[in-house]
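Close look at the chain arrangement
Now for the letters of each chain:
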Amino acid sequence: MIAITLDNFQQVVVEESKNKLVLVSFWAEQVPESVELRNKLAAKLSNLSEHITLATVDCQSQGQIAEQFGIKGLPTAILLKDAQPLDGISGPQDDASIATFLDSHLPKPEDILLAQAKAALGDNLLVEAENIIMQAYQIDNNRADIKVILIDLYLQTGKTSEAKALLDTIMMVDQDSQYHALVAKLELAEQAENSPEIKALEAQLEATPDDINVSQQLAAQYSQVNRQEDALTILFRLVQAGDESTKERSKELFLDVLKALPDGDPLAAKFRRKLYTLMY
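What follows is about the pairing of strand 5 (residues 84-90). Of the strand pairs in this sheet, strand 4 (residues 76-81) and strand 5 are connected by 6 bridges, and their pairing is antiparallel. In the sheet register, Lys81 faces strand 5, and the bridge partner there is Gln84. Counting the residues in the hairpin turn of strand 4 and strand 5 gives 2 residues, including Asp82, whose phi is positive at 55 degrees.

Below, the structure is given as structure tokens:
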């Protein structure tokens, strides 16, 4: 909350409003309703400073500024964009009317989450990005722009079936270039998951289920195509059941797959617990 004076008027009202919304709340001690409105706005906007700046004008000490805005009565709040009035409220306000006013101008919670998820994805923080975009998806599971980010994350983390199921729900009107790029990525992921090498190893393992070398090769192939859970399942079985001569190599592979998972991946936590239980 910034108190506007003649000294900072240009910076707050003109310059600041070029970058984001500025809400100016006019108040005076002798008008309790105006003080109440100022305080309610401050509480509502406390976590939204990225999107809107709350400025205040004390009409007793800054009457000249109030006159410039043409204020006729209190309480009054005026929303500015590019130094121009965009909207406003006047008279006593309850929580519901304040929320309705602000909601009409502020980004929705899912929009904020979407932006955060995109930023995390850009920084390659896959687990964080997926957790955030899932929150947005839970708020609105019909928006294609939210689905697209979630599908991309599913593909990057080897959740091909989840990506395919969600991709199938995108309506034709939303099937833009980004959608078609994801279709292509999905096709490549499915081809990789079912490559001739993997199919051959799966057939070998089915014929000789106790062949440790084939099991390790298949686990390595699974890991390379983001089928990390399949790889870890095989390797854990080998660590659990193998003899001392083969356990060490399987454990090394198991730990390598764990290290390749993004920080915070629940799959890593799950299999670390399993390994810990086995060891102790």
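More follows now that the structure is in view.
Right, let's talk about unusual backbone geometry for a bit. The linkage connecting Leu74 with the following residue, Pro75, adopts the cis geometry, with an omega of 0 degrees. Position of Pro75 among the secondary structure elements: in the loop between helix 3 (63-68) and strand 4. Phi at Ala83 is positive, roughly 70 degrees, even though this residue is not glycine. Relative to the helices and strands, Ala83 is located in the loop between strand 4 and strand 5. Even without being glycine, Asn124 reaches a positive phi, approximately 65 degrees.

Take the packing of helix 7 (residues 144-156) against helix 9 (residues 177-193) next. Closest axis-to-axis distance for the helix 7/helix 9 pair is 11 Å, and the angle between their directions is 20 degrees. In this view, helix 7 runs roughly parallel relative to helix 9, as classed from their interaxial angle. Considering only the axes of helix 7 and helix 9, their crossing is left-handed. Side by side, helix 7 and helix 9 meet where Val148, Ile151, Asp152 and Leu155 of the first sit next to Gln178, Leu182, Lys185, Leu186 and Ala189 of the second.

Closest axis-to-axis distance for the helix 5 (residues 109-122)/helix 6 (residues 126-139) pair is 8 Å, and the angle between their directions is 160 degrees. The orientation of helix 5 with respect to helix 6, classified from their angle, is roughly antiparallel. As helix 5 runs across helix 6, the sense of the crossing is left-handed. Of the residues in helix 6, those touching helix 5 at Pro109, Glu110, Leu113, Leu114, Gln116, Ala117, Ala120 and Leu121 are Leu126, Glu128, Ala129, Ile132, Ile133, Gln135, Ala136 and Ile139. Class assignment for the residues of the contact of helix 5 with helix 6 results in 12 nonpolar, 2 polar and 2 charged.

Analysis parameters
Residues numbered from 1 in each chain as written. Predicted model: local features only at pLDDT ≥ 70, side-chain atom pairs only at ≥ 80, totals over all residues. Heavy atoms only, no water. Pairing = 2+ DSSP bridges. Helix = DSSP H or I, 4+ residues; strand = E, 2+ residues; numbered from the N terminus. Axes fitted to C-alpha atoms, helices over the stretch in contact; angles between N-to-C directions. Parallel < 35°, antiparallel > 145°, perpendicular 65-115°, else oblique. Left-handed = near helix turned anticlockwise from the far one by under 90°. Contact = heavy atoms within 4.5 Å. Nonpolar A, V, L, I, M, F, W, Y, C, P; charged D, E, K, R; others polar.

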